[in-house]
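Spelled out from the first residue to the last, the chains are:
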Amino acid sequence: MSKVGRNDLCPCGSGKKYKKCCLGKEQNAVESILRLVTTEEAAAQEISAVALQTEQPAAAQPAERPENKLTLAKLRKMVSRDLKWEHPSHEQLGLHLIESMRNKFDKELIQEALVLWNGYSRQTKPAVKKMGSFCAAIEYLLSEEYGFLLTQAELAIKYEVTAATISRKVKEMLNYIEEYGMGEAPDTLAELSSLESPKEKEQALLAKVMETPSAKRRVQLARTILEIYPDSPDAYLVLAEESEDEEEARAFLKAGMDAGARELGEDFFKENKGYFWGLVETRPYIRICKSYADSSWFGGNAEEAVKTLEHVLELNPDDNTGARYLLVAAYLYNNKLGKAEQILKLYGKNDAAASYAYGRMLLEYKKNGLTAQLKMLYRVARNVNKHVPEYLLGTKRLPHNLPDYVGRGDANEAIEYVIVNSRLWTSVPDLLKWMLKQ
């Protein structure tokens, strides 16, 4: 039997949403049954207790573990210790919200209200002049969500504010919810509170990041991770990926490299150099190093790119992230021809990649100029990927972004190669003129 969603049409045929029709009736029926069952269990326990007084004592049974019920004290603790606040007045409003909702709302709904207020206040940093306006808006939003049918006029009387003020705050919070969602869901908070170490909490929140399509929400989660676990390279990588400023993104990547180095520790690097990537815990560090090298290269700092890529290959000679391809280009651009030749011999022997084929051609040109060997290498390179000259020489137009998928010898490989190596080829205009004549 399929589960009816809160916002689905009610199966009774009324035409209303389930949450505003039969959901409450079913919940009341369930509560009545639970009360009946509880009463019967209590009676049975009394009978058992009387019977035990006349019988021989049985072997001791292990005590049942008490349920982890949500209480007002736990809610206050969540406000004071678990949630982080931008301003003391925001924390005070959270405590005030508990007191104002405690008599009419379930503890789980109060928890949801606190989560909404925490996320909203941290993101928008509102000035709290009158607590009632924010509390009323939060109550109204929950009322709409769960079908309590509280009106803004009723809430205006309760909190001694105007209905217009409540309406304005509701719109502001709805704008926040549209962009960021309700905040950390209660089940997520419960999950985090059950985890002992900051590293475990980091991993749980990173899983949430992977599930989140909203860029702003991903940034919010990444910043939360760094508050809990400052040595998270993956959180910095998220911030870099979502940044619209290249310099800011590069700064995030550099900070992520530093965080990854702290996380692994100096001794770990000494003991495991050459075996990185085979150790799962090293992968966030390798990934962010590669991303930083890419950013440095595209940002015009070829020396920094070389330094970082050499570091990556020293730690991980198997090169699971493809650092070697960019390193060939960076060496050639910096005229480190001997080192470029070493990479081509070490990694390119059995690898039919466009980077190597056209890299050998560039190496020959930089060493010896326009030679017969260069013509032969150009013919070989075109056999490896015939599309590269079309994009290099402008007979085909490059797209603005790198392709999602690349296959050896296809147009996507050529697009990726030309975009990544454009700075290198721009530095050899005479070679491009020569290619036009071939």
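Residue indices begin from 1 for each chain and proceed along its sequence in written order. Under the rules for a predicted model, residues below a pLDDT of 70 receive no local features and side-chain atom pairs below 80 are neither given nor counted, while totals for whole chains, interfaces and linings still include all residues. Hydrogens and water are ignored here; the side-chain numbers use all heavy atoms of the structure.

S.K.: Would you take a moment to explain the confidence of the model for the chain for this structure?
M.R.: If pLDDT is low for a region, its predicted coordinates should not be looked at in detail. The predictor attaches a confidence to each residue, called pLDDT, with possible values from 0 through 100. Chain-level pLDDT for the chain is 83 on average; 81% of the residues reach the 70-or-more range. The contact rule is simple, with two residues in contact once any of their heavy atoms fall within 4.5 Å. The low-confidence segment residues 1-6 (pLDDT under 50) makes 10 contacts with residues lying over four places distant or belonging to another chain.

S.K.: It is not clear to me how the side chain of Lys290 should be interpreted in this structure. Could you clarify?
M.R.: Helix numbering and strand numbering both begin at the N terminus, where a helix is a DSSP run of H or I of at least 4 residues and a strand a DSSP run of E of at least 2. Within the element layout of this structure, Lys290 appears in helix H14 (residues 283-298). What makes Lys290 buried here is its relative accessible area of 14%. Filtering out sequence-adjacent residues up to four positions away, Lys290 remains in contact with Leu309, Val312, Thr321, Gly322 and Ala323. In this scheme, a residue with accessible area under 20% of its type's maximum is buried, one over 50% is exposed, and one in between is partly exposed, where area comes from a 1.4 Å probe on protein chains only.

S.K.: Before we go on, may I ask you to explain the nonpolar core in this structure?
M.R.: In summary, soluble globular proteins display a tendency toward joint burial of nonpolar side chains. Definition used in this section: a nonpolar core is a set of buried Ala, Val, Leu, Ile, Met, Phe, Trp, Tyr and Cys residues joined via side-chain atoms within 4.5 Å. In terms of nonpolar packing, the biggest core is built from 80 residues, with Tyr358, Met361, Trp425, Leu431 and Met435 touching the most fellow members. It is helix H16 (residues 323-333) that provides the largest number of residues to this core, a total of nine residues. For Met435, the residues in contact, after removing those within four places along its chain, are Met361, Tyr378, Pro389, Leu392, Leu393 and Trp425. Residues Met78, Cys135, Tyr146 and Tyr159 belong to the second largest nonpolar core, which totals 36 residues.

S.K.: What is the right way to read the side chain of Asn385 from this model?
M.R.: Along the chain, Asn385 falls in the loop between helix H19 (372-384) and helix H20 (388-392). What qualifies as a polar contact is a pair of N or O atoms within 3.5 Å, subject to a donor-acceptor requirement within protein and to the restriction that residues adjacent in sequence count only when both atoms come from side chains. Among the polar contacts listed, one links the side chain of Asn385 to the backbone nitrogen of His387, at a separation of 2.9 Å. Excluding residues within four positions of it along the chain, Asn385 makes contact with Ala354, Tyr358, Gly409, Asp410, Glu413 and Ala414.

S.K.: Before we go on, may I ask you to explain helix H21 (residues 411-426) in this structure?
M.R.: Residues spaced three or four apart along an α-helix point in a common direction, a consequence of the helix completing one turn every 3.6 residues. Given a residue, its bend is the angle between the two axes fitted to the seven residues that end at it and to the seven that start from it. Largest kink in H21: about 55°, centred on Val420. Taken residue by residue, H21 has Glu413, Ala414, Ile415, Tyr417, Val418, Ile419, Val420, Asn421, Leu424 and Trp425 as its buried positions. Buried residues along H21 sit in contact with H14, H16, helix H18 (354-368), H20 and helix H22 (429-437). For H21, the N-terminal cap is Asp410; the gap from its side-chain oxygen to the backbone nitrogen of Asn412 is 3.2 Å.

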